[in-house]
Amino acid sequence: MLIVDAHAHLGVYPDFGVKMSVREMIEVMDQYTIRASLVSSIPNDVTLEASRLFPERIYGLIWVNPWKENARNMVRKAVEGWGFKGVKLHPLLHSYLPNSKVVYPIAEEAVRLDVPILFHCGHPPWSLPWSFEELADTFPDLKIILGHMGHGHIVYINASIEVAKKHDNVYLETSGMPMHTKILEAVRTVGVDRVLYGSDMPFGHPAYELEKVRVAGLRDDELEAVLGLNAKALFNI
């Protein structure tokens, strides 16, 4: 079965006490038969180097701070010049709401380039699910992925499913969300084609993130879609 990790990271993150090199990631991917990973890193050069070393295993997402004047140009350069497959935005890390107009230039560029934006979702005050609704309405052609689909709070998990149910351009990613039953609910409520497996390596690990999806109660065809086919199609890999 094809497995594509829609949410992974490389680099060193001392505040969290984790780090991962590209060779360590490839070793974990091989152990768990993960064919490809969508990777974002700080700095972005780490992702670029990894994607060049393993061009058929590591696919880049450009991680930008929309407050920076060159953010839109970085997105264009990464996608058109480096072959990156999308954008990573972290409202909590950089202190903005997803529906803030500071995000609009990035959204416009993502629509123009036809690539998705993976957002960190699930932590107050900056990344709660309701804040994505206006962005989804303003940019109906923008593919929005709610990373962690609300994370660890049941109210935010339920809200993420509800937001995706009401907006065809919103996708849900499973990493860091502890309830396997909510993956089944998301598939049956939102649609099997808009739920994506992710590990959040090195903050998470496929050892339990994969198992969480596998025990959710999905049919074989649904499991195949969530674990790999949806990300393959969405990121055009």
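Quick note: structure is the one above.
Described below are features of the structure shown in this document. Quick caveat, the model's predicted, so the values are computed rather than measured.

## Side note on the pattern of salt bridges
Scanning all chains against the criterion turns up 15 salt bridges. The salt bridge involving Glu 109 is made with Arg 76; its shortest N-O contact spans 3.2 Å. With Glu 109 in helix H5 (residues 104–113) and Arg 76 in helix H3 (residues 71–82), the pair connects residues that are 33 residues apart, well separated along the chain. For Glu 109, a relative accessible area of 0% puts it in the buried group. Its relative accessible area of 28% is what places Arg 76 among the partly exposed residues. Among the salt bridges present, the one from Glu 109 reaches Arg 112, with a minimum N-O distance of 2.7 Å. Linking Glu 109 with Arg 112, this pair stays in helix H5, spanning three residues, or about one helical turn. Put simply, Arg 72, Arg 76, Glu 80, Glu 108, Glu 109 and Arg 112 are held in one network by salt bridges that share partners.

## Here's the deal with the pairing of strand S3 (residues 36–41)
In terms of burial, S3 is largely enclosed, as six of its six residues are buried. Alternating positions in S3 separate into two faces, Ala 36, Leu 38 and Ser 40 on one and Ser 37, Val 39 and Ser 41 on the other, with burial throughout. Both S3 and strand S4 (residues 58–63) contribute to a ladder of three bridges, which runs parallel. Directly across from Val 39, in S4, lies its bridge partner Gly 60. Since S3 and S4 lie parallel, the crossover through helix H2 (residues 44–53) that links them has a hand, and here it is right-handed.

## Some points on the packing of helix H9 (residues 206–214) against helix H10 (residues 220–234)
Where H9 meets H10, the closest approach of the two axes is 10 Å, and the angle between their N-to-C directions is 150°. Accordingly, the angle class assigned to the pair H9 and H10 is roughly antiparallel. Taken together, the residues of H10 that come into contact with H9 (itself represented by Leu 210, Val 213 and Arg 214) are Leu 223, Val 226 and Leu 227. Looking at side-chain class alone, the contact of H9 with H10 contains five nonpolar, no polar and one charged residues.

## Regarding the sheet that holds strand S6 (residues 117–120)
Where strands meet in a sheet, backbone hydrogen bonds hold them as pairs that are either parallel or antiparallel. Strand order across the open sheet formed by nine strands is S2-S1-S3-S4-S5-S6-S7-S8-S9, with mixed pairing between neighbours. Edge strands, defined here as strands with exactly one partner in the open sheet, are strand S2 (18–20) and strand S9 (195–196). In terms of strand pairing, S6 meets strand S7 (residues 144–147) through four bridges, oriented parallel. Each bridged residue has a counterpart across the sheet, and for Ile 117 the counterpart in S7 is Ile 144. Across the sheet, helix H6 (residues 131–138) is in contact with S6, S7 and strand S8 (170–173); its angle to S7 comes to roughly 165°.

## Observations regarding the nonpolar core
Counting 65 residues, the largest nonpolar core has Met 25, Ile 58, Val 87, Leu 89, Leu 135 and Ile 144 as its most contacted members. Each residue touching Leu 89, except ones within four places of it in the same chain, is listed here: Val 64, Pro 66, Tyr 96, Val 103, Ile 106, Ile 117, Leu 118, Phe 119 and His 120.

## Some details on a nonpolar patch on the surface
Residues Trp 130, Ile 154, Val 155 and Met 179 make up a contiguous nonpolar surface patch of roughly 330 Å² in combined accessible area. Among the structural elements, Trp 130 can be located in the loop between S6 and H6.

## Thoughts on unusual backbone geometry
Put simply, Pro 124 and Pro 125 share a cis peptide bond, and its omega is 0°. Considering the arrangement of structural elements, one finds Pro 125 in the loop between S6 and H6. Of the consecutive residues Met 201 and Pro 202, the connecting peptide bond is found in the cis state with omega at -5°. Within the secondary structure, Pro 202 sits in the loop between S9 and H9. Positive phi, close to 60°, is recorded for Ser 95, a residue that is not glycine.

Thresholds, definitions, all that
- Residues numbered from 1 in each chain as written.
- Predicted model: local features only at pLDDT ≥ 70, side-chain atom pairs only at ≥ 80, totals over all residues.
- Heavy atoms only, no water.
- Salt bridge = Lys/Arg side-chain N within 4 Å of Asp/Glu carboxyl O.
- Helix = DSSP H or I, 4+ residues; strand = E, 2+ residues; numbered from the N terminus.
- Buried < 20%, exposed > 50% of the residue type's maximum accessible area, 1.4 Å probe, protein only.
- Pairing = 2+ DSSP bridges.
- Right-handed = clockwise from strand over helix to strand, strands pointing away.
- Axes fitted to C-alpha atoms, helices over the stretch in contact; angles between N-to-C directions.
- Parallel < 35°, antiparallel > 145°, perpendicular 65-115°, else oblique.
- Contact = heavy atoms within 4.5 Å.
- Nonpolar A, V, L, I, M, F, W, Y, C, P; charged D, E, K, R; others polar.
- Core = buried A, V, L, I, M, F, W, Y, C linked by side-chain atoms within 4.5 Å.
- Patch = residues over 30% accessible without salt bridge, like charges linked within 9 Å, V, L, I, M, F, W, Y side chains within 5 Å.
- Areas by Shrake-Rupley, 256 points an atom, 1.4 Å probe, with all protein chains shown as cover.

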